[in-house]
Amino acid sequence: MPKRILFVFTSVNKTLKDAPTGWYLPEASHPYYVLAPKYEIDFAAPKGPNPPVDPTSVENFKDDVKFLEDATVKDKLANAKKLSEVNAADYDAIFYVGGHGPVIDLATDPVNIKLASEFFRAGKVTAAVCHGPAALVGVTDANGESIFKNRNATSFSDLEEAQVGKERDIPFLVESKIKELGGRYEKAREPWQPHVVKDGILITGQNPASAKGIAEAIDHALSSA
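Residues numbered from 1 in each chain as written. Predicted model: local features only at pLDDT ≥ 70, side-chain atom pairs only at ≥ 80, totals over all residues. Heavy atoms only, no water.

Asks: Give me the lowdown on the overall build of the protein chain, citing residues and values where you can.
Replies: Along its length, the protein chain carries 9 helices and 9 strands. Its C-alpha atoms give the protein chain a radius of gyration of 16 Å, near enough to 17 Å, the size a compact globule of 225 residues would have. When each of the 225 residues of the protein chain is scored for burial, the buried share is 54%. Considering only contacts in the protein chain between residues 6 or more positions apart, those separated by 24 or more positions represent 76%. (Helix = DSSP H or I, 4+ residues; strand = E, 2+ residues; numbered from the N terminus. Rg over C-alpha atoms; globule rule 2.2 N^0.38 Å. Buried < 20%, exposed > 50% of the residue type's maximum accessible area, 1.4 Å probe, protein only. Contact = heavy atoms within 4.5 Å.)

Written out as structure tokens, the structure reads:
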């Protein structure tokens, strides 16, 4: 039986400044097409079906629109589970898709925090890309400590956030929060370059360019488990 991965999306479609947002297209598309041939993938979001895609990502990544037109993907999005309906025991890994949305809803969602903590404490791959690591800032290990404490991780950098001018659209900057939680934050030498960090079962990617690389790291972790 193939191993199972849960892709988690934001349910938020507006930033704190009322700008359109959602999940970021290539950060779902690239990992999906790396992993789907080998694994069973389910989609979930706090509010369940049809999580909103960030329209800017659709405009900027036209090659990835095929993901939204894929019949299997359309069905998975339309039938995305509510996080409250998910049982961590049914999956081997959890992966958080980025976009500004996760910083607004998943970061403080108690259902999400409990679920991700269950994955991590069970020794299951816990992965996130770009703003996705914001979904993990409340997650704790078996000792009740942040899963970032004394671990290597990355996320969308504060510099990249400044370059897109979105610092006030979200409640906190992800790089700064990881450092605040005691994480050993890493990033690529130059903004927007791919960078993936693996520290045990915690796997993080910096930005949209890291989406394929994080999927390959998840595949490697599950293949060698």
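Asks: Please set out the packing of aromatic side chains residue by residue, giving values where relevant.
Replies: Applying the stated rule across the entire model yields 13 aromatic pairs. Pairing Phe 7 with Tyr 32 gives two aromatic rings, centres 6.5 Å apart and planes at 90 degrees, and the pair type is edge-to-face. Of this pair, Phe 7 sits in strand 1 (residues 4-8) while Tyr 32 sits in helix 1 (residues 25-35), placing them 25 residues apart in sequence. With a relative accessible area of 0%, Phe 7 lands in the buried category. Its relative accessible area of 6% is what places Tyr 32 among the buried residues. An aromatic cluster is present here, built from Phe 7, Phe 9, Trp 23, Tyr 32, Tyr 33, Phe 43, Phe 67 and Phe 95 joined pairwise through their rings. Above the ring of Tyr 33, the side-chain terminus of Lys 66 is found at 5.2 Å from the ring centroid. (Phe/Tyr/Trp six-rings, centres within 6.5 Å; stacked < 30°, edge-to-face > 60°. Lys NZ or Arg CZ within 6 Å of the ring centre and 35° of its normal.)

Asks: Let's hear about the packing of helix 1 against helix 9 (residues 211-223): which residues, and what values?
Replies: Two numbers describe how helix 1 lies on helix 9: the axes approach to 8 Å, and their chain directions differ by 35 degrees. For the pair helix 1 and helix 9, the crossing hand works out as right-handed. Here Pro 26, Glu 27, His 30, Pro 31, Val 34 and Leu 35 of helix 1 come into contact with helix 9, specifically with Ala 211, Lys 212, Ala 215, Glu 216, Ile 218 and Asp 219. Considering only residue class, the contact of helix 1 with helix 9 consists of 7 nonpolar, 1 polar and 4 charged. (Axes fitted to C-alpha atoms, helices over the stretch in contact; angles between N-to-C directions. Left-handed = near helix turned anticlockwise from the far one by under 90°. Nonpolar A, V, L, I, M, F, W, Y, C, P; charged D, E, K, R; others polar.)

Asks: Before we move on, can you summarise the pairing of strand 5 (residues 125-129) with the specific residues and values?
Replies: Buried residues dominate strand 5, accounting for 5 of its 5 residues. With burial as the criterion, each face of strand 5 is covered, one bearing Val 125, Ala 127 and Val 129 and the other bearing Thr 126 and Ala 128. Bridging between strand 4 (residues 93-96) and strand 5 involves 4 bridges; their strand directions are parallel. From the neighbouring strand, Ala 93 faces strand 5, where its bridge partner is Val 125. (Pairing = 2+ DSSP bridges.)

Asks: Outline the sheet that holds strand 5, listing residues and values.
Replies: Pairing in this open sheet of 7 strands is mixed, and the strands run 3-2-1-4-5-9-8 from one edge to the other. Edge positions in the sheet fall to strand 3 (81-82) and strand 8 (196-199), since each has one partner strand and no second. Pairing geometry for strand 1 and strand 2 (residues 40-45), over 5 bridges, is parallel. From the neighbouring strand, Phe 7 faces strand 2, where its bridge partner is Phe 43.

Asks: Requested: an account of the layout of surface pockets, with residues and values cited.
Replies: The volume enclosed by the largest pocket comes to roughly 260 Å³. Around the largest pocket sit 17 residues that line it, and Tyr 24, Asp 54, Thr 56, His 100 and Val 164 are the ones nearest its centre. For the lining of the largest pocket, the residue count by class is 8 nonpolar, 6 polar and 3 charged. (1 Å grid on protein atoms, 1.4 Å probe; cavity = no way out; pocket = protein on both sides within 12 Å on 5 of 7 lines; lining within 4 Å. Points joined across faces, edges and corners; volume = space filled by probe spheres on them.)

Asks: Explain unusual backbone geometry to me, using residue names and the numbers behind them.
Replies: One non-glycine residue, Asp 18, adopts positive backbone phi at about 70 degrees. Mapped onto the secondary structure, Asp 18 falls in the loop between strand 1 and helix 1. Of the residues examined, Asp 18 reaches a relative accessible area of 55% and is grouped as exposed. For Asn 50, which is not glycine, the phi dihedral falls at a positive 55 degrees.

Asks: Could you give an account of the pairing of strand 2, naming the residues involved and the relevant values?
Replies: For a regular strand, the rule is simple: side chains alternate between the two faces of the sheet. Burial analysis of strand 2 places 5 of its 6 residues in the buried class, the great majority of the element. The parallel pair strand 1 and strand 2, bridged by helix 1, forms a crossover whose chirality is right-handed. Pairing geometry for strand 2 and strand 3, over 2 bridges, is parallel. Bridging from a neighbouring strand, Ala 45 pairs with Lys 82 of strand 3. (Right-handed = clockwise from strand over helix to strand, strands pointing away.)

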